[in-house]
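Observations on the three-dimensional arrangement
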Amino acid sequence: MQVFIIGSEGTLFSVVVLGCISSEGWRVDEEGKDKCLFNDDAMACKFGNTVGIFGFIASIAFIVGEYLFERMSSVKSRKRFVMADMAFSALWAFMYFVAFIYLWSQWSSAEIPPGGIGVANMQASIVFCFFSVFTWALCAFMAYKRFLIGAGDEFTSAFETDPANVVHQQAYTSYSMDNDNDQYSQSPFTNQQAGVDQQQVPQMDYQQPTY
């Protein structure tokens, strides 16, 4: 449940960053050219949009992966998913940190646009880049914890629930029980088992002694 909440927050923050920059991050100058509000640095707007877009797509993909995680019967598939989640979340936490520093430095040097149009959106994009750093870092930390305990719980449970393995275990159990029944079906203390024919055993008469 916590993974879905954090993933939803990552999706929401990515949408906010992408929407703020895309909607009012550009202005048209006197020559009719589009200029970025982040100190007329087009790379700042493009970098913020790129981080937001890929963050949004990855968040949706990992949410779907978490929903299908319990249905993965292969141990290797679960391990690869957790490793991908851990690696990408750590990388995107770093990318959002770079975006936060980059956008904040450019915005601090930029001129206020006429009428203050777009100021709130630019500030919101910077703030949500900052929030996204902690969100993706937390996702990476939770994926790392899952990877550490995976050998005992998350990954091995797939082997136990695999139908093919259940059939093998049942066959082995049935074979062991049949062998045990065959082994102990006869009494171990009979003359026949010892290889002695009861008919060949001499019958001896005992007379009561007289005194």
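The structure under discussion appears in the preceding block.
Everything quoted here is computed from the prediction, not taken from an experiment.

Let us look at the environment of Leu68. Note on placement: Leu68 falls in helix α2 (residues 42–68). Overall, Leu68 belongs to the partly exposed group, its relative accessible area being 37%.

Our focus in this paragraph is the pattern of salt bridges. Following the criterion strictly, the structure yields three salt bridges and no others. We note a salt bridge from Arg146 to Glu66, for which the minimum N-O separation is 3.0 Å. Taken together, the positions of Arg146 in helix α4 (residues 119–148) and Glu66 in helix α2 put the pair 80 residues apart, joining distant regions of the chain. A salt bridge links Glu70 to Arg78, with the shortest nitrogen-to-oxygen separation between them at 3.8 Å. Note on Arg78: relative accessible area 2%, which makes it buried.

Below, the discussion takes up the packing of aromatic side chains. In this structure the tally under the stated criterion is 14 aromatic pairs. Both rings, one in Phe13 and one in Phe128, keep their centres 5.4 Å apart while their planes meet at 55°; by these two values the pair is tilted. Here Phe128 lies in helix α4 and Phe13 lies in helix α1 (residues 2–24), a separation of 115 residues in the sequence. With relative accessibility at 23%, the residue Phe128 sits in the partly exposed group. Note on Phe54 and Trp92: the rings are 6.3 Å apart at their centroids and 65° apart in plane angle, and the pair reads as edge-to-face. Pair noted here: Phe54 is in helix α2 and Trp92 is in helix α3 (residues 75–109), with a separation of 38 residues, a long-range link. On the basis of relative accessibility, which here comes to 9%, the residue Trp92 falls in the buried class. Every member of this aromatic cluster is reached through a ring pair, and the members are Phe54, Phe62, Phe69, Phe81, Phe88, Trp92 and Trp136. Here Arg71 stacks its cationic end above the ring of Tyr67, 4.7 Å away from the centre of that ring. Lying over the aromatic face of Phe69, Arg78 brings its terminal NZ or CZ to 4.9 Å of the ring centre.

Cut-offs and rules
- Residues numbered from 1 in each chain as written.
- Predicted model: local features only at pLDDT ≥ 70, side-chain atom pairs only at ≥ 80, totals over all residues.
- Heavy atoms only, no water.
- Helix = DSSP H or I, 4+ residues; strand = E, 2+ residues; numbered from the N terminus.
- Buried < 20%, exposed > 50% of the residue type's maximum accessible area, 1.4 Å probe, protein only.
- Salt bridge = Lys/Arg side-chain N within 4 Å of Asp/Glu carboxyl O.
- Phe/Tyr/Trp six-rings, centres within 6.5 Å; stacked < 30°, edge-to-face > 60°.
- Lys NZ or Arg CZ within 6 Å of the ring centre and 35° of its normal.

Keep in mind that these numbers describe shape and distance, not what the molecule does.
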